[in-house]
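Each chain, letter by letter, is given below.
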Amino acid sequence: MCMARIWSPLSRGLWKANNLQVRPSAPTLSLSYSDISVAFTVSVRSLFSSRRLHSPQPPSTRYFSINKSGISSVQMACSNPKQVCIIGSGNWGSAIARIVGSNALRSKNFDERVTMYVYEEMFNGKKLTEIINETHENVKYLPGRKLPPNVVAVPDVVEAAKDADVLIFVVPHQFIRTLCATLLGKIKSTAIALSLIKGFDRAEGGGIDLISHIITRHLKIPCSVLMGANLANEVADEMFCETTIGCKDATAGPLLREIIQTNYFRVVVVDDEDTVEVCGALKNIVACGAGFVDGLGLGDNTKAAVIRLGLMEMVKFVDVFYPGGKLATFFESCGVADLITTCYGGRNRKVSEAFVRTGKSIKELEDEMLNGQKLQGPYTAEEVSYMLKIKGMEEQFPLFTAIHKICTGQLTPKDFIDCIRNHPEHMGSRVDYSNLEALDIECQNSKL
Ligand SMILES: NC(=O)C1=CN([C@@H]2O[C@H](COP(=O)(O)OP(=O)(O)OC[C@H]3O[C@@H](n4cnc5c(N)ncnc54)[C@H](O)[C@@H]3O)[C@@H](O)[C@H]2O)C=CC1
Ligand SMILES: O=C(CO)COP(=O)(O)O
């Protein structure tokens, strides 16, 4: 009985295990957490078999190929070097500027000069843009690491972006709408965008908006995304890591990879853009939960449970709100790997631990501990909860909901574990007991 319930979606063709698709058709809200777990089992198997099937492709590009003329899009771009602008210069913005700047110097496909929009502020009595352009160091947001001299800090976002062919957005998500409004009609109509921003915004009328969708809608340019297990300081220190670019466009994908990839920062391009972006946003909520666990003095087992339940809610979220997403994407750097790194080493975890230990508000701690850097997790939790409440779905996402309520003082941190003790994940069973029941009946019969 139990197996029939679990496997019936497969037999109806809703799970496309070979394509690793979570659900290709319109969402129904009936997917249970047991179903997701079974899909994982199926997908892990098919994940590896599909890699073998596709082995002729280079492993870092899951779907791109040389075009009909036999010339790759990157070669085609040689005659027309692309100008790159980085919009944002915080901790991650500055770390990525180190990579983009040195790749632009190396590659004939890109103009050497890379502009970086810097939100102007004073640092020790001097303008931050002037310090960056004189010392080639973002002394406030990435101290101790040099930027390549071809990265030019510009305080006016329109000035920085107006000639760019590639716009890399990397600001905290709360600033994106204002920036888009400022840039509207002031950029090249042929430009492409890449968003490194982890977060959502509220959509008018009740839901959430993906940041890449906001960029595309407002600026009328295509926007790909880059998300991964990429703590900025470690990337700036050139410690090996991976990242995921979500890009549907077979011309843009290789170009974006070329400006981002280095020998220590390895890029995998997938076409499942929305899932990549949703992973990047939601893992920050889970990281707050990991911080609560640390603040409460609970152990690694508890943190692992929070990470796992968080992952299951991330999968369910994509399944319900972004149908057609691929389960395989959760196994890329933007999925499980980013969840792990953020739950151990991220700012959201750190501040959430202090929130429990000190009793101060998230805002106070952000100001005290981060020196101008911004948290995304509590805001994202608020946006997600706002949508779940409107849709009457809070109970299906108890971990996300509890984290939001704790951040906003509606619950205390001590309530956290009680909120997830009876998670839908713990209800029901993934085991087919029908054989055991049959055996039991046989045994009883033989005794008779
Ligand atoms: N820091 C990290 O390790 C990583 C961050 N990210 C994501 O990258 C995005 C950007 O984060 P970070 O670069 O770390 O920024 P950050 O949190 O270090 O710095 C805040 C930035 O916001 C700017 N800012 C402040 N007020 C502003 C305003 N009114 N308008 C425009 N900008 C303003 C500041 O000048 C500063 O550049 C976020 O979505 C974050 O989740 C992604 C991967 C790693
Ligand atoms: O996204 C990140 C690492 O991939 C950084 O996470 P935090 O914002 O929690 O530091």
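The structure displayed is predicted, hence computed values, not measured ones.

Asks: What am I meant to see in the UniProt feature "domain: Glycerol-3-phosphate dehydrogenase NAD-dependent N-terminal" (unreviewed entry) in the protein here?
Replies: Residues annotated by UniProt as "domain: Glycerol-3-phosphate dehydrogenase NAD-dependent N-terminal" (unreviewed entry) correspond here to residues 83-251. Secondary structure over residues 83-251 splits into 30% helix and 27% strand, and the C-alpha atoms at its two ends are 16 Å apart.

Asks: What is the right way to look at the site of ligand 2 in this model?
Replies: Close contacts around ligand 2 come from Lys198, Gly228, Ala229, Asn230, Leu231, Lys283, Asp338, Thr342, Gly346, Arg347 and Asn348, and that covers them all. One of the side-chain nitrogen or oxygen atoms of Lys198 is found 2.8 Å away from an oxygen atom of ligand 2. The contact in question runs from an oxygen atom of ligand 2 to an N or O atom on the side chain of Asp338, over 2.7 Å. The pocket occupied by ligand 2, as judged from atoms lying within 2 Å of grid points, is the largest pocket. Residues of the shell around ligand 2, tallied by class, amount to two nonpolar, five polar and four charged.

Asks: Even after reading the chapter, I still don't get the layout of surface pockets, so can you show me in this structure?
Replies: Rolled over the atoms, a probe as big as a water molecule pinpoints where empty space is left. One number sums up the size of the largest pocket: a volume of about 1,200 Å³. Tallied by class, the residues present in the lining of the largest pocket amount to 19 nonpolar, 19 polar and 11 charged.

Asks: Explain the sheet that holds strand S5 (residues 151-154) here, please?
Replies: Adjacent strands of a sheet form backbone hydrogen bonds with each other and so pair up, either parallel or antiparallel. If you trace the eight strands from one edge of the open sheet to the other, you get S5-S2-S1-S6-S7-S10-S11-S12, paired in mixed fashion. Pairing within the sheet leaves two strands with one partner each, and these edge strands are S5 and strand S12 (265-270). On average, adjacent strands in this sheet sit at an angle of 25 degrees to one another, irrespective of strand direction. Seen against the sheet, helix H5 (residues 128-135) touches strand S2 (110-117) and S5 and runs at an angle of roughly 165 degrees to S5.

Asks: Is there a simple way to explain helix H8 (residues 211-219) in this structure?
Replies: Because the α-helix completes a turn every 3.6 residues, residues three or four places apart line up on one side. Taken together, the buried positions of H8 are Ile211, Ser212, Ile214, Ile215 and Leu219. Angular distribution of buried residues about the axis of H8 spans 160 degrees; they occupy a single face of the element. Lys220 sits one or two residues past H8 and shows a positive phi near 60 degrees.

Asks: Got a minute to help me understand the UniProt feature "domain: Glycerol-3-phosphate dehydrogenase NAD-dependent C-terminal" (unreviewed entry) in the protein in this structure?
Replies: Those residues carrying the UniProt feature "domain: Glycerol-3-phosphate dehydrogenase NAD-dependent C-terminal" (unreviewed entry) are residues 272-417 in this numbering. Helix makes up 72% of residues 272-417 and strand 0%, whereas the separation of the span's terminal C-alpha atoms amounts to 33 Å.

Asks: Got a minute to help me understand the environment of Lys146 in this structure?
Replies: Structurally, Lys146 is set in the loop between H5 and S5. Residues Lys146 and Asp209, 63 residues apart in the sequence, show an inter-C-alpha distance of 35 Å. In contact with Lys146, not counting residues within four places along its chain, are Arg98, Thr135, His136 and Glu137.

Asks: Looking at this model, I keep getting lost on the site of ligand 1. Mind explaining?
Replies: Taken together, 23 residues lie near ligand 1, and Asn91, Trp92, Lys198, Ala232 and Lys374 sit nearest. In this structure, Asn91 approaches ligand 1 through a main-chain N or O atom, which is 2.8 Å from an oxygen atom. Backbone polar atom of Ala232 to an oxygen atom of ligand 1: 2.8 Å apart, as the coordinates give it. Protein coverage of the free-state accessible area of ligand 1, which is 840 Å², stands at 90%. The cavity where ligand 1 resides is the largest pocket. If one sorts the elements of the shell around ligand 1 by residue count, helix H4 (residues 91-106) sits on top with three residues. Classifying every residue of the shell around ligand 1 by side-chain character gives 11 nonpolar, eight polar and four charged.

Asks: So what exactly am I meant to see when it comes to the confidence of the model for the protein here?
Replies: Across the protein, the average pLDDT comes to 85, with 79% of residues at or above 70. Counting interchain partners and residues more than four positions distant, the pLDDT-below-50 stretch residues 1-31 has 67 contacts. Segment residues 44-77 is flagged for pLDDT under 50; beyond a separation of four residues in sequence, or across chains, it makes 50 contacts in the model. For this predicted complex, the interface confidence reaches an ipTM of 0.99, while the overall pTM sits at 0.86.

Cut-offs applied
Residues numbered from 1 in each chain as written. Chains lettered and ligands numbered in written order. Predicted model: local features only at pLDDT ≥ 70, side-chain atom pairs only at ≥ 80, totals over all residues. Heavy atoms only, no water. UniProt positions renumbered as here; feature names shortened; annotations may be inferred. Helix = DSSP H or I, 4+ residues; strand = E, 2+ residues; numbered from the N terminus. Near = heavy atom within 4 Å. Polar contact = N/O pair within 3.5 Å; in protein donor to acceptor, adjacent residues only side chain to side chain. 1 Å grid on protein atoms, 1.4 Å probe; cavity = no way out; pocket = protein on both sides within 12 Å on 5 of 7 lines; lining within 4 Å. Sits in = over half its atoms within 2 Å of the grid points. Nonpolar A, V, L, I, M, F, W, Y, C, P; charged D, E, K, R; others polar. Points joined across faces, edges and corners; volume = space filled by probe spheres on them. Pairing = 2+ DSSP bridges. Axes fitted to C-alpha atoms, helices over the stretch in contact; angles between N-to-C directions. Contact = heavy atoms within 4.5 Å. Buried < 20%, exposed > 50% of the residue type's maximum accessible area, 1.4 Å probe, protein only. Arc of directions from axis to C-beta. Areas by Shrake-Rupley, 256 points an atom, 1.4 Å probe, with all protein chains shown as cover. pLDDT = per-residue confidence, 0-100.

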